[in-house]
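# Coordinates in review
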Amino acid sequence: NERLLQEAEVLQKISHRKIVQFHSLVQVGSKKGLLLTSAGPETLAERLARDGVLGLELLHRFGDDLLETVEHLEKVGMVHRDIKPANLGVGPLSKKSDLHLVLFDFSLAREERRKVEAGTPGYRDPFLHSTQRPWDEAAERYAAAVTLYEMATGRLPQWGDGRAVNPAVVDVEVQFFAGDFEPTLRDRFESFFRKAFQRKVIDRHESAGSMRSEWRELFVGARLDESPSAVEVPDQVAADTPLTNLTGNPQLLQVFDRLRLSTASA
C-alpha cells in the first residue's frame, strides 16, 4: 500500500503523453490500487517474444519514444529505476495514431538512490557498485540502452564468453556479433551501443537528449518504410551470386544476415 501511495505521488508530478497518467486511488478491502490511463493492450516484452526483433521503422519510432520519455524524466528530475520492455506498453496514443511506447510502473521511483541493487538484473547498470555511484540519470540511460539493444537484436548485451558474468568484473567491453544489426547500418549501431555501455559515465552519452539525437542520426538515409517481403531476381543468377546483388532493401538484408545467408545458394 505504501509503495502504491508513493507511485501515485510520483505520477501526479509527471505529465507526458508517453507516460501513464494517474487518475485516482481506489480501495479494495484493505488494499489500495491505482486507476491509471492505459499503457496499451500489450507490453513491448510480449511483442518481442511473439514477433522477434523490430523492423527498422518500428525500431526508429519506438526507440525515439523511449528516449523522449527518459529525456522528459531528466528534465523534471525524476527517475524510473526499472526501465525494461516489460514496463513499456505498446499501443496507439489516439484512435488514428500509429503504435507508440508508453512507460508505466513507477513503483521503484521513490527508492533511495544509494540502494543500487533495486531494479532488474540485466537492465540495471552493472558499473554502479564498482564506481561507488548512487542511482543516477546515467543508470536510467543505461537501462534505456539495454532496452534499445534488445529491440534491435532480441537479446541483452553480452560481455566476455557469453556466460552470465558481471560486466564490471571482466576485462573486456561489450561484444557485437554478425547479424546483430542491419548490415548497411551496422557501424552506426555498434558505435552508438559501444558508447552507451561504457564503464565510465564520462565516456557515455551526456544526456538523454544527446542520446536521442544520436539515435535519430542512426537512421538517416535508411529506407524505413519498405516491406522485406520480396526479392527481384535478375535474369542471370548463379549459386555464388551475392544476395546484396538481388536486393537493396536493408530490412531484407538484415533478415538474410541473421540467417547467415550470403549468396543465392547459401
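Residues numbered from 1 in each chain as written. Predicted model: local features only at pLDDT ≥ 70, side-chain atom pairs only at ≥ 80, totals over all residues. Heavy atoms only, no water.

## Description of the pattern of salt bridges
Should the charged atoms of two oppositely charged side chains come close, the side chains can pair. The full count for this structure, using the stated rule, is 26 salt bridges. Here Glu-68 ties to Arg-212 by a salt bridge, and the two come within 3.6 Å at their closest N and O atoms. Remark: Arg-212 occurs in helix H7 (residues 208–218) and Glu-68 occurs in helix H3 (residues 56–76); sequence separation between them is 144 residues. By relative accessible area, which is 14% here, Glu-68 ends up buried. Between Glu-214 and Lys-195 there is a salt bridge whose closest N-O contact spans 3.0 Å. With Glu-214 in helix H7 and Lys-195 in helix H6 (residues 186–196), the pair connects residues that are 19 residues apart, well separated along the chain. Where salt bridges share partners, they join Lys-18, Asp-64, Asp-65, Glu-68, Glu-71, Lys-75, Arg-212 and Arg-216 into one cluster. (Salt bridge = Lys/Arg side-chain N within 4 Å of Asp/Glu carboxyl O. Helix = DSSP H or I, 4+ residues; strand = E, 2+ residues; numbered from the N terminus. Buried < 20%, exposed > 50% of the residue type's maximum accessible area, 1.4 Å probe, protein only.)

## Some points on unusual backbone geometry
One non-glycine residue, Arg-81, lies in positive phi territory at about 80 degrees. As for its position among the elements, Arg-81 is in the loop between H3 and strand E4 (88–92). Owing to a relative accessible area of 1%, Arg-81 belongs among the buried residues under this scheme. One non-glycine residue, Asp-105, lies in positive phi territory at about 65 degrees. Mapped onto the elements, Asp-105 comes out in the loop between strand E5 (99–103) and helix H4 (128–131). Assessed through its relative accessible area of 25%, Asp-105 is described here as partly exposed.

## Things to note about the sheet that holds E5
In any sheet, the strands associate via hydrogen bonds between backbone groups, in a parallel or an antiparallel arrangement. Overall, antiparallel pairing links the 3 strands, which are arranged E3-E4-E5 in an open sheet. Pairing within the sheet leaves two strands with one partner each, and these edge strands are strand E3 (42–43) and E5. Of the strand pairs in this sheet, E4 and E5 are connected by 5 bridges, and their pairing is antiparallel. Note on E5: the bridge partner recorded for Pro-92 is Leu-99. (Pairing = 2+ DSSP bridges.)

## Concerning the nonpolar core
With 55 residues, the main nonpolar core has Phe-106, Leu-148, Met-151, Phe-189, Phe-193, Phe-197 and Trp-215 as its most contacted residues. Breaking this core down by element, the ones donating at least two residues are helix H1 (2–11), helix H2 (44–51), H3, E4, E5, helix H5 (137–153), H6 and H7. If one sorts the elements of this core by residue count, H5 sits on top with 9 residues. Setting aside its immediate chain neighbours within four residues, Met-151 contacts Leu-44, Leu-48, Val-53, Leu-54, Leu-59, Phe-62, Gly-63 and Leu-101. Membership of the second largest hydrophobic core comes to 5 residues, among which are Val-79, Leu-128, Trp-135 and Ala-139. (Core = buried A, V, L, I, M, F, W, Y, C linked by side-chain atoms within 4.5 Å. Contact = heavy atoms within 4.5 Å.)

## Re the packing of aromatic side chains
Taken as a whole and assessed by the stated rule, the structure comprises 18 aromatic pairs. Taking the centre distance of 5.3 Å and the plane angle of 10 degrees together, the rings of Phe-181 and Phe-189 count as stacked. The pair formed by Phe-181 and Phe-189 is uniform in burial state, with each residue classed as buried. With a centroid separation of 5.9 Å and an interplanar angle of 85 degrees, the aromatic rings of Phe-189 and Trp-215 are classed as edge-to-face. Taken together, the positions of Phe-189 in helix H6 and Trp-215 in helix H7 put the pair 26 residues apart, joining distant regions of the chain. Of the two residues examined, Phe-189 and Trp-215, each falls in the buried class. (Phe/Tyr/Trp six-rings, centres within 6.5 Å; stacked < 30°, edge-to-face > 60°.)

## Some points on H1
Burial in H1 covers these residues: Glu-7, Ala-8, Val-10 and Leu-11. Looking straight down H1, one finds that the buried residues subtend no more than 160 degrees of arc, so they occupy a single side. Elements in contact with the buried residues of H1: strand E1 (22–28) and strand E2 (31–36). (Arc of directions from axis to C-beta.)

## Details of the packing of H5 against H6
Between H5 and H6, whose axes approach to 10 Å, the crossing angle comes to 150 degrees. Between H5 and H6, the crossing angle belongs to the class labelled roughly antiparallel. You can see that H5 and H6 cross each other, and the crossing is left-handed. Only Phe-192, Phe-193 and Ala-196 of H6 make contact with H5, whose side of the interface consists of Tyr-142, Ala-145, Leu-148 and Tyr-149. Residue classes in the contact of H5 with H6 are distributed as 7 nonpolar, no polar and no charged. (Axes fitted to C-alpha atoms, helices over the stretch in contact; angles between N-to-C directions. Parallel < 35°, antiparallel > 145°, perpendicular 65-115°, else oblique. Left-handed = near helix turned anticlockwise from the far one by under 90°. Nonpolar A, V, L, I, M, F, W, Y, C, P; charged D, E, K, R; others polar.)

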